[in-house]
Amino acid sequence: MSEPQAAPQTEAPLAFDLTLFPEPVLRKKAEPVTRFDAELAAFVEAMFATMIHSGGVGLAAPQVGVKTRVLVVSESGRREDGFALINPTILERSGPTTLYEEGCLSFPGIYAEVPRPDRCKVVAQDLSGNRFEKEYSGFVARIVQHEYDHLEGVLLVDRMSPADKLKNKVALQELVERFQRLQAGPGPGGGLPRRR
Ligand code: ZN
């Protein structure tokens, strides 16, 4: 039983445009969420929609241009397997460090082998603001650590070996040039349309 809603939400949550390297918001340390309300819940749903639309398994708020400490994860890429961490802090990383090829929605077409510990213990808040601790392992722990990096302004390019940087040199340069064209604005041969 619930009160009738003044404006029932029947549409699927809208997806955001992705923020791509080297847009400056990706380099900022994200700020804590202070309001746990319907707006936050809607924002998290829109982040899931963006992640799923883009074929990702994780997404952090700075990747949609929002400088807050929110991340979403779904190992399978499906909404029903997903969870959100609000104001997460990694308390402890443990286990063997493994190498695994990672991509990032802010670096389309770029992949690099990144070493990360197999387990991480996190304290975070849920959508209602309740604090909880949880330990993740394996692929989920890797996704959490990747998305957590985004909240600290740390990016895939920072975790790349020199060999992977060289391998991805052209693709990285293309992203920088795309950003420079966007900065220059529309005009003959100037700006690019946003994706979608
Ligand atoms: Zn990423």
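The coordinates are above.
The structure reproduced in this document is the subject of the present report. Please read all numbers here as calculations on a predicted model, not as lab measurements.

Relative to strand E4 (residues 112-125), strand E3 (residues 83-102) runs antiparallel, the two being bridged by 12 bridges. Residue pairing across strands places glutamate 102 opposite alanine 112, the latter belonging to E4. The sheet contact formed by E4 and strand E5 (residues 131-137) spans seven bridges and is antiparallel. Within the sheet, the bridge partner assigned to glutamine 125 lies in E5 and is arginine 131. Where E4 folds back onto E5 in an antiparallel hairpin, the turn is made up of five residues, including glycine 129, whose phi is positive at roughly 95 degrees.

For the coordinates displayed, the defined rule picks out 17 salt bridges. Across the salt bridge formed by arginine 27 and aspartate 158, the nearest N and O atoms sit 2.7 Å from each other. Remark: aspartate 158 occurs in helix H3 (residues 156-159) and arginine 27 occurs in the segment before helix H1 (38-53); sequence separation between them is 131 residues. By relative accessible area, arginine 27 is classed as partly exposed at 40%. For glutamate 102, the salt bridge identified is with arginine 142, shortest N-O distance 2.7 Å. Of this pair, glutamate 102 sits in strand E3 while arginine 142 sits in helix H2 (residues 138-151), and the two are 40 residues apart along the sequence. Overall, glutamate 102 belongs to the buried group, its relative accessible area being 5%.

What follows is about helix H5 (residues 169-184). The terminal C-alpha atoms of H5 lie 23 Å apart, and with 16 residues this matches the ideal 22 Å at 1.5 Å per residue to within 8%. Three or more residues of H5 are buried, namely Leu172, Leu175, Arg178 and Phe179. Seen end-on, H5 carries its buried residues on one side only, within an arc spanning 115 degrees. Facing away from the buried side of H5, by more than 90 degrees, are the exposed residues Lys169, Val170 and Ala184. For H5, the secondary structure elements touched by its buried residues are H3 and helix H4 (162-167). Positive phi appears at glycine 185, one or two residues downstream of H5, with a value of about 85 degrees.

Conventions adopted
Residues numbered from 1 in each chain as written. Predicted model: local features only at pLDDT ≥ 70, side-chain atom pairs only at ≥ 80, totals over all residues. Heavy atoms only, no water. Pairing = 2+ DSSP bridges. Helix = DSSP H or I, 4+ residues; strand = E, 2+ residues; numbered from the N terminus. Salt bridge = Lys/Arg side-chain N within 4 Å of Asp/Glu carboxyl O. Buried < 20%, exposed > 50% of the residue type's maximum accessible area, 1.4 Å probe, protein only. Expected span 1.5 Å × (residues − 1). Arc of directions from axis to C-beta. Contact = heavy atoms within 4.5 Å.

By themselves, these observations are geometric and do not establish any function.
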